[in-house]
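Take a look at the letters that make up each chain.
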Amino acid sequence: MADRMARRRVKLYALNADRQWDDRGTGHVTSSYVERLKGMSLLVRAESDGSLLLESRIQADTAYQKQQGTLIVWSEGENFDLALSFQEKAGCDEIWEKICQVQGKDPSVDITQDIVEESEDERFDDVSDSNPWVELPPCEIGRLEDINEVISNCLHSPVRREKLAIALENEGYVKKLVSVFHTCEDLENMEGLHLLYEIFKNIFLLNKNALFEIMFADDTIFDVVGCLEYDPSSPYPKRHRQYLKSIAKFKEVIPIENSELLSKIHQTYRVQYIQDVVLPTPAVFEENMLSTLSSFIFFNKVEIVSLIQEDERFLSELFHQLGGDEDVPTEKRRDLVLFLKEFCTFSQTLQPTSRETFFKTLSSLGVLSALEITLGLDDAIIKSASIDILSYIVEFSPSMVREYMMQQQHKTEEEQFLLNIIIEQMVVDSDPEMGGAVQLMGILRILIDPENMMATVTKSERADFLAFFYKHSMHYLVEILCVAAPLLSNTVGDEVGREDYSSAQLLALILELLAFCVEHHTYHIKNYIVQRDLLKRILVLMKSKHTFLVLSALRFMRKIIGLRDDFYNRHIINSNLFAPVVDAFVRNNGRYNLLDSAIIEMFEYIKVEDIKTLWMSVVEKFGEVLAQVDYVQTFHALRMRYEQHQDRLKDRDRSASLDGIGGVVRGTRYRRDVRDLDEEEEMWFNNDEEEIDETEPILPSRDTNIAPVGELMAYVEGGEAEEERCYCLAGESPTIKTSDKVEKENGASKMLGATGKQSLLLNNGNKDNNNTAAALSPEGNKSPVPARKKRSELVKQ
């Protein structure tokens, strides 16, 4: 039973829209009658939970193909191809016999049906479809032209292509053609060799896996490559065989005991070389004419990865020599790293589920700790390959790498953290084009990107990793003293340090990464910028002779301003950080270039978004300089907005000053609201109203617009009666009050003075509202209301 289950173990693949095979799962296949489908069907149940992965009826007219002895491929529908990859050839043969039995076919064939996709014109082809075979001429040097013509004519009809492929396979025609090739090459018969090139190119275009297995066999593949060396369009034959046999040598860095694995590795490399180098460019072919060749390589790579992954001894020895053994020579270590890189490259053919298992296996064997060593080695090839391996791992599973990095903080010294090693290698990259630094910066960006960080109930990866990064690694990015002179060490005082091109490139990369932090991180980067005065140091780079570095520094500041964060804005104003920007703008002297446009855009953004604190600071400190720029309206508009704001402030201050003066006077004399009348005053006015002499001025009622004497004098004394608002213009009647409590107790006679009269200004509607008169005190002098004081004096009171 166990043997049967092993034989029936399969992987189910489906061809997607990109002509790539998607892994639909691993399970066990059976063939049985399904009542719902009314026929014999193929059933695949998942080995993990027994769920049904596939339920496909074996149709009588469906073309099933057996490939490589362990693959069964067929199409369901117009654009839906399926494939079963068997663990053992015996299981594939069993299911193939069931399919052939249902369709009434001989199990010895590798395809059960002819594929009929003919057009109307092809129906009337001179070769009858009833003819079961294609007649091939005898395989002789003199008949090569006829052979080429027959094969070329069959390419245009799918039915004839199928028949031709069967004829070539059954008659052993490929072997015969190889024999003719040897003869032509010995005789230096160039015409025959050119015809053989065309013949084998067309055989490839038949796109049949059975023919590929024959041509790619160990005893045939080099002869096939030799035929493809004699391209008629080339004046000289290529030397592909020489390259494959002599130049491209297979290095067995660790002995491979599995002969099947070794054979697959050799075959896959050679077939990949044929596809990429030997055959003409795919543009000359019809669409998908070599899809089977791509599938052949794909399944070979999947099988190689699976076989290596299952060999625990091989992988353990690999990582032991790669990272743990210090006595391994550099050349040997280089071969190990290159092998691991190619191994990871092959893993890209795996589906996400299988790839996750693959990288977990590598992680458990210590791939990240090995990369810590290889990244720091002084060997360009090892370092480049190590960066590629790390890139594969981080791109697929950044969380796995972050988890490893955070575990290091309790076990390793800070300078040995993998994250700090990545930063250090980025800083010391010796490549003039900064290729490694750019790639490492991309890895860092993925690792610190909050968008791909997970948050669970038990922990928050985002909070934990960002805290780890800013505590242990951010200063390495900014401050570490290395060959390329990083940011803080490169901006000493107000002058830029090293001005060589590579240092400028590195600084631009660091600024790009810091700008990413500003955009995606919150308080971590904000605190770091302010505490280290980082923005000021960055803006020193505005003096650099490299324009791209100046623009990088400006872009960093623009990113901060774009956040519209008051905390950042206050820091910019308090540290006068617009000064280096304006200096660079002035030095540019109005030249129409990217720097000029970028600076103007930043100030235009401040204006459009109305970031008040910033545009006020710009106008106050740099208004005179920027006022000379007249080819854009940005700075003129900022000046106008500033002046309008100042006018509003003056009006507001004047109004507040008036209200403040009135409040001081009334608060000192009466200590209560100026508009409140107490009961005693109300009774005085009501009781004594009839006793007032008719010749005396009439005391104002609550409905007359008359200002109290003391208040009028206070406003008029300053000479600003036209500008200031007073109660006689306020639109509502003020209340007359006594001078203080003592006068109130002495009665009305003391209030009116010795003559019993008091002069008041009446607003009768016929005189100008600004006419004023001074009221006399009981002693005949001015009222004891103080003259108008300055705002500073009022504030002091």
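Calculation rules
- Residues numbered from 1 in each chain as written.
- Predicted model: local features only at pLDDT ≥ 70, side-chain atom pairs only at ≥ 80, totals over all residues.
- Heavy atoms only, no water.
- Helix = DSSP H or I, 4+ residues; strand = E, 2+ residues; numbered from the N terminus.
- Buried < 20%, exposed > 50% of the residue type's maximum accessible area, 1.4 Å probe, protein only.
- Contact = heavy atoms within 4.5 Å.
- Areas by Shrake-Rupley, 256 points an atom, 1.4 Å probe, with all protein chains shown as cover.
- Pairing = 2+ DSSP bridges.
- Axes fitted to C-alpha atoms, helices over the stretch in contact; angles between N-to-C directions.
- Expected span 1.5 Å × (residues − 1).
- pLDDT = per-residue confidence, 0-100.
- Core = buried A, V, L, I, M, F, W, Y, C linked by side-chain atoms within 4.5 Å.
- Salt bridge = Lys/Arg side-chain N within 4 Å of Asp/Glu carboxyl O.
- Parallel < 35°, antiparallel > 145°, perpendicular 65-115°, else oblique.
- Nonpolar A, V, L, I, M, F, W, Y, C, P; charged D, E, K, R; others polar.
- Phe/Tyr/Trp six-rings, centres within 6.5 Å; stacked < 30°, edge-to-face > 60°.
- Lys NZ or Arg CZ within 6 Å of the ring centre and 35° of its normal.

**Digging into the overall build of the chain**
Right, on to step 1. Of regular secondary structure, the chain possesses 36 helices and 9 strands.
Right, on to step 2. The buried share of the chain, taken over its 797 residues, is 46%.
Right, on to step 3. Contacts in the chain between residues far apart in sequence, at least 24 positions, make up 65% of those at least 6 positions apart.
Right, on to step 4. When the accessible surface of the chain is totalled, it reaches about 41300 Å², and 48% of it is carbon and sulfur.

**Remarks on the sheet that holds strand 5 (residues 65-67)**
Right, on to step 1. Pairing is antiparallel across the open sheet formed by 7 strands, whose spatial order is 4-3-2-1-7-6-5. The open sheet is flanked by strand 4 (52-57) and strand 5, the only strands paired with a single partner. Averaged over all neighbouring strand pairs, the angle between strand axes comes to 30°, with direction disregarded.

**Structural notes on helix 4 (residues 158-170)**
Right, on to step 1. Compared with the 18 Å implied by 1.5 Å per residue over 13 residues, the 18 Å span of helix 4 between its first and last C-alpha is a close match.
Right, on to step 2. Most of helix 4 sits inside the fold, with 10 of its 13 residues counted as buried.
Right, on to step 3. The complete set of buried residues in helix 4 reads P158, V159, R160, R161, E162, K163, L164, A165, A167 and L168.
Right, on to step 4. Elements in contact with the buried residues of helix 4: helix 3 (144-154), helix 5 (173-187), helix 6 (190-205) and helix 7 (209-215).

**Description of the side chain of N300**
Right, on to step 1. Within the secondary structure, N300 is located in helix 11 (residues 291-310).
Right, on to step 2. Residue contacts for N300: discarding those within four places in its chain leaves Q68, K264, Q267 and T268.

**Let's talk about the confidence of the model for the chain**
Right, on to step 1. Per-residue pLDDT for the chain averages 77, and the proportion of residues at 70 or more is 74%.
Right, on to step 2. Predicted confidence in the chain is weakest over helix 36 (residues 791-796), with a mean pLDDT of 34, and strongest over helix 29 (residues 594-608), with 95.
Right, on to step 3. Low pLDDT, under 50, characterises residues 684-797; the predicted model gives this stretch 139 contacts beyond four residues in sequence or across chains.

**Considerations on the pairing of strand 2 (residues 21-34)**
Each regular strand shows side chains that alternate between the opposite faces of the sheet.
Right, on to step 1. Note that strand 1 (residues 9-15) and strand 2 share 7 bridges and pair antiparallel. Its bridge partner being in strand 2, V10 is matched across the sheet by G27.
Right, on to step 2. Summarising the sheet, strand 2 and strand 3 (residues 39-46) pair through 8 bridges and their orientation is antiparallel. The residue bridging S31 from the neighbouring strand is L42, located in strand 3.
Right, on to step 3. Between strand 2 and strand 3, which pair antiparallel and follow one another directly, the connecting turn spans 4 residues, one of which, K38, has a positive phi of 60°.

**Observations concerning unusual backbone geometry**
Right, on to step 1. One non-glycine residue, D533, lies in the positive phi region at around 55°.
Right, on to step 2. The topology assignment puts D533 in the loop between helix 24 (523-531) and helix 25 (534-539).
Right, on to step 3. Located in the positive-phi region is N576, a residue other than glycine, with phi close to 55°.
Right, on to step 4. Checked against the element boundaries, N576 lands in the loop between helix 27 (566-574) and helix 28 (579-588).
Right, on to step 5. With relative accessibility at 33%, the residue N576 sits in the partly exposed group.

**Quick notes on the environment of L371**
Right, on to step 1. Note that L371 resides in helix 15 (residues 367-375).
Right, on to step 2. With 48 residues separating them in the primary sequence, L371 and G323 have C-alpha atoms 7.4 Å apart.
Right, on to step 3. Contact partners of L371, with chain neighbours within four places excluded, come to S386, I389, L390 and I393.

**Points about the nonpolar core**
Right, on to step 1. The biggest cluster of nonpolar side chains holds 136 residues, and the ones touching the most others in it are I422, M557, I561, F578 and F603.
Right, on to step 2. Considering every element that reaches this core, the biggest residue donor is helix 23 (residues 501-520), with 13 residues.
Right, on to step 3. In terms of nonpolar packing, the next biggest core, distinct from the first, is built from 50 residues, L155, Y197, F200 and L290 among them.

**Re the side chain of Q267**
Right, on to step 1. Considering the arrangement of structural elements, one finds Q267 in helix 10 (residues 259-278).
Right, on to step 2. Once residues within four sequence positions are removed from consideration, Q267 is found in contact with F216, F296 and N300.

**Focus: the pattern of salt bridges**
Right, on to step 1. Applying the stated rule across the entire model yields 25 salt bridges.
Right, on to step 2. Among the ionic pairs, R445 bridges to E512, the shortest N-O distance being 3.5 Å. Of this pair, R445 sits in helix 19 (residues 435-447) while E512 is found in helix 23, placing the two residues 67 residues apart along the sequence.
Right, on to step 3. Several salt bridges converge on common partners, so that one network encompasses K66, K89 and D93.

**Comments concerning the packing of helix 23 against helix 26 (residues 547-562)**
Right, on to step 1. Contact pair helix 23 / helix 26: the axes reach a minimum separation of 9 Å and the direction vectors enclose 10°. Overall, the two elements helix 23 and helix 26 adopt an arrangement that is roughly parallel. Contacts from Y501, A504, Q505, L507, A508, L511, L514, A515, V518 and E519 in helix 23 reach F548, L549, S552, A553, F556, K559 and I560 in helix 26.
Right, on to step 2. When the residues that make up the contact of helix 23 with helix 26 are grouped by side-chain class, the tally is 13 nonpolar, 2 polar and 2 charged.

**Some points on the packing of aromatic side chains**
Right, on to step 1. For the coordinates displayed, the defined rule picks out 23 aromatic pairs.
Right, on to step 2. Seen from their ring centres, F298 and F299 are 5.2 Å apart, and the 80° between their planes marks the pair as edge-to-face. Comparing F298 with F299, the two get one shared label, buried.
Right, on to step 3. Three or more aromatic residues joined by ring pairs form one cluster here, namely F314, F339, F343, F358, F359 and F396.
Right, on to step 4. Against the face of F222 rests K245, its NZ or CZ located 4.9 Å from the ring centre.
Right, on to step 5. Above the ring of Y605, the side-chain terminus of R558 is found at 4.0 Å from the ring centroid.

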